[in-house]
Amino acid sequence: MPPLELKGLSKRYGGVAVVDDLSLTIAPGRCHGLLGPNGAGKTTTLRLALGLIEADAGEIRLLGHPLPHAAATARRRVGVVPQTDSLDPDFTVRENLLAYARYFGLRRREAESRIPALLEFAGLAGKADAKVPTLSGGMKRRLTLARALINDPELIVLDEPTTGLDPQARHLVWQGLRRLIHQGKTLLLTTHFMDEAERLCDRISIIDRGRIIAEDSPRALVTRHIEPHVVEVYGEGLAQWEGCASSLCRRCEHAGETLFCYTDDPKAVTDALDGQEGLRYLHRPANLEDVFLKLTGRDLRE
Amino acid sequence: MRGEGVRQTASGEKRADGGGGWAQAGASHPDPSHAPPDRLSPSLRWLPVWQRNFQVWKKLAGPSILGNLADPLLYMLGLGYGLGRFLGEVQGVPYLTFLAAGTLAYSVMNSATFETLYSAFSRMHVQKTWEAILNTPLTLTDVLLGEWLWATSKSLLSGLAILLVIWALGLYADFAMTLWLLPVIVLTGLTFAGLGLMLNAVAPNYDFFLYYFTLFITPMVLLSGVFYPTDALPGWLAAAAQGLPLTHAIALARPLVLGHWPEAPLLNVLVLLAFALTGFLIGLALTRRRLLR
C-alpha cells in the first residue's frame, strides 16, 4: 500500500488553480521530494494530503484511508514538521513532547518512555528541561522533528525542513532525516534547496503552477532533461560573444550577467573561450538546479 | 508484536538494514502497522486541548489570578463601601450587596472574554499552537471546543473567587440559594467565551479587540444593571438593554444573591444559551474559513 496516493487533485483559490490536476504516488520506505519555486503549490498539496483542506476535485488516500472523511484516523500514523515554528514557548522541551503526545491519545507513561530516545535522536539529550525560547533555531527545528515522531509515524511530512537554518544546523537535520529513511520511514518533503533534494530524496517531483512537470530520481532527472556539461560565461564582451556561443553548444541561456552554455562537448566551448580577453568562465557538470531552472524558467516568482 | 515482518512493505531492502539508535529505542512501541488505540472517545477529544491550556496556566497562575480577581474586587469593595455610603439602600439592600451580583457576572464575563480574545489569539495567530494541533488526529472542532470549555473554566474560577467574597462578607440572604449561582456562572462563561471565539476568528491583530470592548463590552456593562437597576434607565434604553447577554446573566444572579427566585429564569437561560451557541458555532465556521481553506 502506498503511504500516499493523490489522483487528479485540484484546488482553486479565487479562480486561480493552485493545484491543478495533480497525481502523485509515494512509495513506502522512500524519501519523496516536492521541488518547486515559491507559490508552485507545494504547501497546498501537503495540506490537501493531510486532509486539512478539501480539494475541489480528485482523490486522496493517506495510509490507505480515503480523505477527507477519514483524515483524523489517517493522521494518527503521520508525523508533520510544519514550515513555521509552532512549539509551545511556555513549555520545556519535555512538556512540548508530552502535550503533543496527548493529542494522539497516548498515555503519559507511554509518551514518557519514548522521550529519552527522541531527545537522543534529535541531539537534545540533556535539554529535556530547557525552555523553548532558550533553544537555537536548529534545536527548535530538531525538537519539531522529534515532536513529529512522538506517535511513531509511518509517514513523515516535512514542509521546508531546513529553511532559515545555518549550514551546520541544516546538516544536523539532514543527518536525522537520513536516519529515519534508513529505518524504513517514508518521508515526503518540500524544499527549494537543490542540494537538499539531491542528498535526501530517492525520488523528486518538480512542481510548477500546481502541476508536476517532471518526476524521477535526482540522477535520472539530470541525465534525462539536460546536457551533461555547463559552461558559465561572464565578463566584458559577453554580448558580442553570445552569437558565437549558440553555434558551439546545444543550448544557451542568458540570466543576469551570466550566459549558461549547455553542451555535450565542453572542450569546444572552453577552447573558444580561451582566446577571449575579458571573458571568464566556469566549467562544471550539470546538476539538479540546471534541470529545475530549465523546467521552471529563470524568471523571479513573487 | 512489533517484528520487522510487520513493518515489511514494498521496499524490503531499505527496511531490512534498519539500525540507528532510534529504531532500537523505539522497539517498545506498539505494533506500528496498527494505529494506537484511540483512547479519546469522541466526546472527550477536546480534553488534551484543555489540558494544554491548563498546564500553561498553572505556570503563570499567580499573576493570572491576581489580574483576574483583584480588579473586580477593588471595584466592588471600593464602589460598594465608598459610593454605598452616599446611596444608602438600593432595591432594599445595602449598595455593596446590590453590587455583588453585578460584579460576579462582570468578572465572569471579563475572564471569559480576555481568554478567548487575547490568549486564544496568541495561540491561534502568534504561536501557531492550533496549527500544530490540527496536524494531529484532533480537528478544529476539538480545538475550539477545548478553548471554549477552557475559557469557561477560567471564568468559573473568577466567579468562584467573587462568590467566596460574597460568602465571607455575608452579602447574601439565603446560602442554599447562592449555590444556584454556580450554574449561572458556567452559563455566563460559556456565553462570553462563545462570543469571544467569534471575534477572535475575524481579528487581524490584538488592536482589533479594542473595538469589541469600546463598542460592546463597555456600553453593556453600563446598561445591563451591574452598577444600578436597569429600570433606572429611560424606557427605550431599558428595552435595548434586554437585548444584551450580560443583562440576562445579572437578572439570574442578583435575585439569587438577594434570596429570591429570578422572575423569568427560563427566558434568561434561553437567551444566554442562544448567545453562547450562536457565538461558538459562528466562531467555529469563521475559524474554519480562516485556517482551513
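The structure presented is a predicted model; accordingly, all values stated were derived computationally and were not measured. (Residues numbered from 1 in each chain as written. Chains lettered and ligands numbered in written order. Predicted model: local features only at pLDDT ≥ 70, side-chain atom pairs only at ≥ 80, totals over all residues. Heavy atoms only, no water.)

Student: Explain the overall build of chain A here, please?
Tutor: The helix and strand tally for chain A stands at 11 helices and 14 strands. With the C-alpha coordinates aligned to their principal axes, the bounding extent of chain A is approximately 75 × 45 × 35 Å. By the burial criterion, 57% of the 302 residues in chain A qualify as buried. Looking at chain A alone, contacts between residues at least 24 apart form 68% of all its contacts between residues at least 6 apart. Carbon and sulfur atoms make up 48% of the accessible area of chain A, which totals about 12,600 Å². Across chain A, the centroid of the 40 positively charged side chains sits 8 Å from that of the 41 negatively charged ones. (Helix = DSSP H or I, 4+ residues; strand = E, 2+ residues; numbered from the N terminus. Buried < 20%, exposed > 50% of the residue type's maximum accessible area, 1.4 Å probe, protein only. Contact = heavy atoms within 4.5 Å. Areas by Shrake-Rupley, 256 points an atom, 1.4 Å probe, with all protein chains shown as cover. Lys, Arg positive; Asp, Glu negative; His and termini not counted. Charge placed at Lys NZ, Arg CZ, Asp CG, Glu CD.)

Student: Help me understand the packing of aromatic side chains in this model?
Tutor: The geometry of two aromatic rings is summed up by the distance between their centres and the angle between their planes. All names here are of chain B. Evaluated as defined, the whole model comprises 23 aromatic pairs over all chains. Ring centres of Phe208 and Phe209 lie 6.3 Å apart, and the angle between their planes is 70 degrees; on these two criteria the pair is classed as edge-to-face. We classify Phe209 as buried; its relative accessible area is 0%. Among the aromatic residues, those joined into a ring-pair cluster are Phe114, Tyr118, Phe121, Tyr206, Phe208, Phe209, Tyr211, Tyr212, Phe213 and Phe216. (Phe/Tyr/Trp six-rings, centres within 6.5 Å; stacked < 30°, edge-to-face > 60°.)

Student: How should the pattern of salt bridges be read in this particular structure?
Tutor: Any two side chains of opposite charge can pair if their charged atoms end up close together. Going through the model one piece at a time under the given rule, you end up with 23 salt bridges over all chains. Residue Asp195 of chain A pairs with Arg170 of chain A through a salt bridge whose shortest N-O separation is 3.3 Å. In this pair, Asp195 of chain A is assigned in helix α7 (residues 194–200) and Arg170 of chain A in helix α6 (residues 167–182), connecting sequence segments 25 residues apart. For Asp216 of chain A, the salt bridge is made with Arg224 of chain A, and the minimal N-O distance between the two is 2.8 Å. The network of salt bridges with common partners includes Glu115, Arg123, Glu147 and Lys154 of chain B. (Salt bridge = Lys/Arg side-chain N within 4 Å of Asp/Glu carboxyl O.)

Student: What is the right way to look at the nonpolar core in this model?
Tutor: Generally speaking, a soluble globular protein has its nonpolar side chains buried in company with each other. Counting residues in each nonpolar core, the largest one holds 163 residues, and the members touching the most others are Ile150 and Leu177 of chain A together with Leu246 of chain B. Counting residues per element, this core draws most heavily on helix α6 (residues 95–126) of chain B, which supplies 16 residues. When residues of this core are sorted by domain, at least three fall in each of domain 1 (4–222) and domain 2 (227–285) of chain A. Leave out the neighbours within four places in its chain, and Leu177 of chain A touches Leu145, Leu158, Pro161, Leu187, Leu189 and Leu200 of chain A. Counting residues in hydrophobic clusters, the runner-up holds 11 residues, among them Leu259, Cys261, Val269 and Leu273 of chain A. (Core = buried A, V, L, I, M, F, W, Y, C linked by side-chain atoms within 4.5 Å. Domains from an automatic or database assignment.)

Student: Just to check I follow, could you spell out the packing of helix α10 (residues 181–202) of chain B against helix α14 (residues 265–291) of chain B for this structure?
Tutor: The axes of two packed helices give the description: the angle between them and the distance between them. All names here are of chain B. One can describe the packing of α10 onto α14 by two numbers: an axis separation of 7 Å at closest approach and a directional angle of 25 degrees. Taken together, α10 and α14 sit at an angle that is classed as roughly parallel. Both α10 and α14 take part in a crossing whose hand is left-handed. Contacts between α10 and α14 pair Leu187, Thr188, Leu190, Thr191, Gly194, Leu195, Leu197, Met198, Asn200, Ala201 and Val202 from the former with Val269, Leu272, Leu273, Phe275, Ala276, Gly279, Phe280, Ile282, Gly283, Leu286, Thr287 and Arg290 from the latter. Tallied by class, residues from the contact of α10 with α14 come to 15 nonpolar, seven polar and one charged. (Axes fitted to C-alpha atoms, helices over the stretch in contact; angles between N-to-C directions. Parallel < 35°, antiparallel > 145°, perpendicular 65-115°, else oblique. Left-handed = near helix turned anticlockwise from the far one by under 90°. Nonpolar A, V, L, I, M, F, W, Y, C, P; charged D, E, K, R; others polar.)

Student: What is the right way to read the sheet that holds strand β4 (residues 57–62) of chain A from this model?
Tutor: Sheet strands pair via backbone hydrogen bonds, and the direction of the pair is either parallel or antiparallel. Residue and element names in this part refer to chain A. What the four strands build is an open sheet, ordered β2-β1-β4-β5; its pairing is antiparallel. The sheet is open, and its two borders are formed by β2 (16–26) and β5 (65–67), each paired with just one other strand. Strand-to-strand, the axes of this sheet are offset by a mean angle of 25 degrees, without reference to chain direction. Summarising the sheet, strand β1 (residues 4–13) and β4 pair through five bridges and their orientation is antiparallel. Across the sheet, the residue bridging to Glu5 is Arg61, located in β4. Here helix α1 (residues 42–49) sits on the sheet in contact with β1, β2, β4 and β5, set at roughly 120 degrees to β1. (Pairing = 2+ DSSP bridges.)

Student: How do you make sense of the side chain of Asp88 of chain A when you look at a structure like this?
Tutor: Positionally, Asp88 of chain A belongs in the loop between β6 (78–81) and α3 (93–103). In this structure the side chain of Asp88 of chain A is engaged in a polar contact, spanning 2.4 Å, whose partner is the side chain of Arg52 of chain B. (Polar contact = N/O pair within 3.5 Å; in protein donor to acceptor, adjacent residues only side chain to side chain.)

Student: Help me out: how do you make sense of the state of the cysteines in this one?
Tutor: Chemically, a disulfide is nothing more than a covalent bond linking the sulfur atoms of two cysteines. Residues and elements named next belong to chain A. Taken as a whole and judged by the stated rule, the model has zero disulfides over all chains. Free of any disulfide, Cys31 has its nearest cysteine sulfur in Cys201, 3.9 Å distant. Looking at Cys31, the relative accessible area reads 0%, which means it is buried. (Disulfide = S-S within 2.5 Å.)

Student: Explain the domain arrangement of chain A here, please?
Tutor: Buried accessible area, meaning the area lost when the parts come together, often serves as the stated size of an interface. Along its sequence, chain A is organised into domain 1 (4–222) and domain 2 (227–285). Measuring from the centre of the C-alpha atoms in domain 1 of chain A to the corresponding centre in domain 2 of chain A gives 40 Å.

Student: Before we go on, may I ask you to explain the sheet that holds strand β14 (residues 279–285) of chain A in this structure?
Tutor: Residue and element names in this part refer to chain A. Strand order in the open sheet formed by four strands is β12-β13-β11-β14, with antiparallel pairing between adjacent strands. If you trace the sheet from one side to the other, it starts and ends with β12 (251–255) and β14, each paired once. Across the sheet, the axes of successive neighbouring strands diverge by a mean angle of 20 degrees, strand direction being ignored. By the bridge criterion, six bridges tie strand β11 (residues 229–235) to strand β13 (residues 258–263) in an arrangement that is antiparallel.

Student: I would appreciate a short explanation of the pairing of strand β3 (residues 31–35) of chain A in the present structure.
Tutor: In regular strands, side chains alternate between the two faces of the sheet. All names here are of chain A. Of all five residues in β3, five are buried, a share of seventy percent or more. Both faces of β3 are covered, namely the face carrying Cys31, Gly33 and Leu35 and the face carrying His32 and Leu34. Relative to strand β8 (residues 186–191), β3 runs parallel, the two sharing five bridges. Across the sheet, residue Leu35 finds its bridge partner in β8, namely Thr191. Sheet topology places β3 next to strand β9 (residues 203–208); four bridges connect them, and they run parallel. Bridging across to β9, Gly33 finds its partner in Ile204.

Student: Can you help me understand unusual backbone geometry in this one?
Tutor: Note: most residues except glycine have negative phi, and most peptide bonds are trans. Cis geometry is found at the peptide bond from Leu67 of chain A to Pro68 of chain A, where omega equals 5 degrees. When you line up the elements, Pro68 of chain A lands in the loop between β5 and α2 (71–74). At Lys128 of chain B, a residue that is not glycine, the phi angle is positive and equals roughly 60 degrees. Tracing the backbone shows Lys128 of chain B in the loop between α6 and α7 (129–134).

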